[in-house]
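Below are the chains, spelled out letter by letter.
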Amino acid sequence: MPCVRPEIVAHRGASQHRAEHTRAAYELALQQGADGLECDIRLTRDGHLVCVHDRTVDRTSSGRGVVSTLTLAKLNELDFGGWHHELPDSADDLVHEPVAQPSAEVHDRGLLTLEDLLGLLKDSPPHVKLFIETKHPVRYTGLVEAKLVAQLRRHGLSAPVSKEESRIVVMSFSRLAVRRVREHAPKLPTVLLLDRLLPGLRTGALPDWADITGPGVHLLREDPDYVSRSAEQGHDTYCWTVDKPEDIDLCRRAGVRYLATNAPANTRRHLESG
Ligand code: G3P
Ligand code: CA
């Protein structure tokens, strides 16, 4: 069995220690040496892509409402940091020197747009990848993917020299969304996220518009050999969301390439101690 260290992807930033999808969460993830950043994107009423997981802002902000019915200006009035109890970072947590300057608190807790996050990516070490998950309201079917690719194109990120070298990876549970991204930007690597292993996928094969398989860690607990079967079919594995020591060990033993975690420093420490 392969035993190479998985690459650590900060799930919604370092979201165990900072409010998810805030600048503070991503800056901490980079300080902790994350190899990748994960974010969810949604479309606002006036057509901006913003980093919010839920359909509404009720859980993660000081406001209420459905993201797709709110304008960017309205969302910018909200505090996205206050709901989360910030945990102190012990010196042990910071295993790498900070790469980003701390910003003003209010700046750290506001809404993060995809544009903001792309800016942060540009200022981060060149090996760091951004894993963008499209969460798309039905009424905007197709528009999220089209806007995403257009925005990546403006940043020169939509047509990497090779998929391996791409700084962007696009993911979705929606087969339609992944296929659309492939149509718009054939050179971008894609992940098909899986919360169930449907019979057609158990062999490790994927449709030709997906490069990487993205099982939840619960699927690997039931079927750890899925990772090697995928590798035999030419597909790396991105596994989410892996915080428990036994799950980290499982992913390493199975040969998972990308490991999405809410606690990058703890996960790295566990990997390095094993
Ligand atoms: O990284 C994939 C994972 O984030 C999918 O689940 O609900 O956290 O977006 P969710
Ligand atoms: Ca996600």
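All values reported here derive from a predicted model rather than from experimental measurement. (Residues numbered from 1 in each chain as written. Chains lettered and ligands numbered in written order. Predicted model: local features only at pLDDT ≥ 70, side-chain atom pairs only at ≥ 80, totals over all residues.)

A. Main features of the site of ligand 1. For ligand 1, the full set of nearby residues is His11, Glu38, Asp40, His53, Glu133, Leu193, Trp240, Thr241 and Ala260. Here the residues of the shell around ligand 1 sort into three nonpolar, three polar and three charged. (Near = placed C-beta within 6 Å. Nonpolar A, V, L, I, M, F, W, Y, C, P; charged D, E, K, R; others polar.)

B. Seen up close, helix H6 (residues 175–184). The set of residues buried in H6 consists of Ala177, Val178, Arg180, Val181 and Arg182. For H6, the elements touching its buried residues are strand S4 (129–134), helix H5 (143–154), strand S5 (168–172) and strand S6 (190–194). (Buried ≥ 20, exposed ≤ 12 C-beta atoms within 10 Å, placed from the backbone. Helix = DSSP H or I, 4+ residues; strand = E, 2+ residues; numbered from the N terminus. Contact = placed C-beta atoms within 7 Å.)

C. The arrangement of the environment of aspartate 247 in detail. Mapped onto the elements of the fold, aspartate 247 is located in helix H9 (residues 245–254). A residue is classified by how many C-beta atoms lie within 10 Å of it, and aspartate 247, with 21 of them, is buried. Each C-alpha atom of the pair aspartate 247 and isoleucine 8 lies 13 Å from the other, and the pair is 239 residues apart in sequence. Once you skip the residues sitting within four places of it in the chain, aspartate 247 turns out to touch Val217 and Val242.

D. A look at unusual backbone geometry. Of note in this structure, arginine 12 is not a glycine but carries a positive phi near 60 degrees. As for its placement among the helices and strands, arginine 12 is situated in the loop between strand S1 (7–11) and helix H1 (23–31).

E. Spotlight on the packing of H9 against helix H10 (residues 264–273). Remark: H9 packs on H10, axes separated minimally by 10 Å, with the N-to-C direction vectors making an angle of 60 degrees. Between H9 and H10, the interaxial angle falls into the category oblique. In this structure, the crossing between H9 and H10 has a hand that is right-handed. Residues Pro245, Ile248 and Arg252 of H9 touch H10, and the partners they reach there are Thr267, His270 and Leu271. Split by residue class, the contact of H9 with H10 holds three nonpolar, two polar and one charged. (Axes fitted to C-alpha atoms, helices over the stretch in contact; angles between N-to-C directions. Parallel < 35°, antiparallel > 145°, perpendicular 65-115°, else oblique. Left-handed = near helix turned anticlockwise from the far one by under 90°.)

F. Region of interest: the pairing of strand S2 (residues 36–43). Within S2, eight of the eight residues are buried, leaving the element largely enclosed by the surrounding structure. Where burial is concerned, the two faces of S2 agree: the one with Gly36, Glu38, Asp40 and Arg42 and the one with Leu37, Cys39, Ile41 and Leu43 are both buried. Judged from the three bridges that link them, S1 and S2 form a sheet pairing that is parallel. Its bridge partner being in S2, histidine 11 is matched across the sheet by glutamate 38. Pairing geometry for S2 and S4, over six bridges, is parallel. Bridge pairing in S4 places glutamate 38 opposite phenylalanine 131. Relative to strand S3 (residues 49–51), S2 runs antiparallel, the two sharing three bridges. Residue pairing across strands places isoleucine 41 opposite cysteine 51, the latter belonging to S3. (Pairing = 2+ DSSP bridges.)

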